[in-house]
Amino acid sequence: MYNCKTTTRTTKAEYNFLRDHFKFTYFQDCLKHGFNKSDEIMKILVEDKSYRSDFILGMQNYKYIDSLAKLTAKAIKKDSIKSLTTAHESAQGKKVFKKCLCDYNSKWLDSIATSRLK
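Since we're looking at a predicted model, the values are computed, not measured. (Residues numbered from 1 in each chain as written. Predicted model: local features only at pLDDT ≥ 70, side-chain atom pairs only at ≥ 80, totals over all residues. Heavy atoms only, no water.)

## Some words on helix α3 (residues 59-86)
The α-helix winds at 3.6 residues per turn, so residues separated by three or four positions along the chain end up facing the same way.
1) Next: Look at α3: 40 Å from first C-alpha to last across 28 residues, which is about the 40 Å you get at 1.5 Å a residue.
2) Next: Listed as buried for α3 are Asn-61, Tyr-62, Ile-65, Asp-66, Leu-68, Ala-69, Thr-72, Ala-73, Ile-76, Ser-80 and Ser-83.
3) Next: Buried residues in α3 make contact with α1 (12-34), α4 (96-104) and α5 (107-117). (Helix = DSSP H or I, 4+ residues; strand = E, 2+ residues; numbered from the N terminus. Expected span 1.5 Å × (residues − 1). Buried < 20%, exposed > 50% of the residue type's maximum accessible area, 1.4 Å probe, protein only. Contact = heavy atoms within 4.5 Å.)

Encoded structure:
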């Protein structure tokens, strides 16, 4: 007997790959927008082949991730401006890597990735 029903179950390994891909895409976009799409960061992101592959998450998720990264870049800029009056001179300015890496490791981004991939 043949079963024509398609399966939509995602294995734990496949889900973890998608979640990690979602998070890493966010990390890359966070760096890109955090550094204002500078020539230097764009060159690095093009050369780096850590995780990106074409549209594995679907275009809607890529747009969503990019919008989150743009919001984060705005927060980084705001914090940078605030640091000019509140932080010691050596600690003033943008903290792009710190913010993007903290977000990458956050439960906040885990929960977003989980909800978007369901």
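## Comments concerning the pattern of salt bridges
1) Next: Scanning the entire structure with this criterion turns up seven salt bridges.
2) Next: Put simply, Asp-66 and Lys-70 hold a salt bridge, and the shortest N to O gap is 3.5 Å. On the criterion of helical spacing, the pair formed by Asp-66 and Lys-70 is a turn pair, its members being four residues apart in helix α3.
3) Next: Looking at Asp-66, the relative accessible area reads 16%, which means it is buried.
4) Next: The exposure class of Lys-70 is partly exposed, given its relative accessible area of 42%.
5) Next: Between Lys-99 and Asp-103 there is a salt bridge, and its shortest N-O distance comes to 3.1 Å. Taken together, the residues Lys-99 and Asp-103, both in helix α4 and four residues apart, mark about one turn of the helix.
6) Next: By relative accessible area, which is 32% here, Lys-99 ends up partly exposed. (Salt bridge = Lys/Arg side-chain N within 4 Å of Asp/Glu carboxyl O.)

## Let's talk about the state of the cysteines
1) Next: If you walk through the whole model with that rule in mind, you get one disulfide.
2) Next: Residue pairing for Cys-30: its cysteine sulfur links by disulfide to Cys-100, the two sulfurs lying 2.0 Å apart. The chirality of the disulfide connecting Cys-30 with Cys-100 is left-handed, given an S-S dihedral of about -80°. Taken together, the residues Cys-30 in helix α1 and Cys-100 in helix α4 connect sequence positions 70 residues apart. Cys-100 shares its class with Cys-30; the two are buried.
3) Next: There is no disulfide at Cys-102, and the cysteine sulfur nearest it, in Cys-100, is 9.5 Å away.
4) Next: Judged by its relative accessible area of 47%, Cys-102 is partly exposed. (Disulfide = S-S within 2.5 Å.)

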